[in-house]
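# Close look at the chain arrangement
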Amino acid sequence: MTFALRAPQLADAPALAELHVSAWRETYSHLLPGDFFSAEYVEGRHRMWNRILTDPRTDVSIRVAESGGEITGFACAGNGMRSKGEEELPRDRQLYAIYLAASHYGTGAGQSLLDEVLGDTPAMLWVAKANPRAVAFYRRNGFEFDGAEQSDPAAPKIVDARMVR
């Protein structure tokens, strides 16, 4: 399966929002409350992607993977963000998100997306501990857990752990 990487355009916002939601459904449905994917949640993802692409930040790198004219993945990285109560960051750069449609796992698109937005720079990221596929992917790319964890009250069964390289 072939793919191409490119910078997203404003016209991609609806497809990115739908991919974002569907990737969460594929990966985390078993860990989320039954009403998590409400119409309000989906609309929120649409608003988020419209905002991101309407007023792009120069410190954030976003790339999409496209196959057969369809967006199948995306990744974004930028300056490190502090968690509540955190004074210092372990890295200046952070992977904010990387998602790929499950039907495109194993194509190399995820690796290419990561390489595009981070290269081999020292970085940090947060990953759901209950996502062994993602943890293994990040470990292959030199990331290791540093002991920091957090959770979101809206998704209490998902514990995010920080990884750094």
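You'll find the structure just up there.
I will try to describe carefully the structure that is included in this document. As the structure is a prediction and not an experimental result, all values here were calculated from the model.

## Overview of the nonpolar core
Counting residues in each nonpolar core, the largest one holds 28 residues, and the members touching the most others are W24, L32, W49, F74 and I158. For this core, the elements supplying multiple residues, two or more each, are α1 (13-28), α2 (39-54), β2 (61-67), β3 (70-79), β4 (93-100) and β7 (155-164). Every residue in contact with L32, bar those within four places of it in the chain, is listed here: W24, F37, A155 and I158. Membership of the second largest hydrophobic core comes to 20 residues, among which are A77, A123, L125 and F143.

## Focus: the packing of α1 against α2
Interhelical geometry of α1 versus α2 gives an angle of 135 degrees and a closest axis separation of 8 Å. In terms of axis orientation, α1 runs oblique to α2. In this structure, α1 crosses over α2, and the sense of that crossing is right-handed. In this structure, α1 uses A13, P14, L16, A17, E18, H20, V21, W24 and R25 to contact α2, whose residues at the interface are Y41, V42, R45, H46, M48, W49, N50 and L53. The class makeup of the residues in the contact of α1 with α2 is 11 nonpolar, 3 polar and 3 charged.

What counts, and where the lines are drawn
Residues numbered from 1 in each chain as written. Predicted model: local features only at pLDDT ≥ 70, side-chain atom pairs only at ≥ 80, totals over all residues. Heavy atoms only, no water. Core = buried A, V, L, I, M, F, W, Y, C linked by side-chain atoms within 4.5 Å. Buried < 20%, exposed > 50% of the residue type's maximum accessible area, 1.4 Å probe, protein only. Helix = DSSP H or I, 4+ residues; strand = E, 2+ residues; numbered from the N terminus. Contact = heavy atoms within 4.5 Å. Axes fitted to C-alpha atoms, helices over the stretch in contact; angles between N-to-C directions. Parallel < 35°, antiparallel > 145°, perpendicular 65-115°, else oblique. Left-handed = near helix turned anticlockwise from the far one by under 90°. Nonpolar A, V, L, I, M, F, W, Y, C, P; charged D, E, K, R; others polar.

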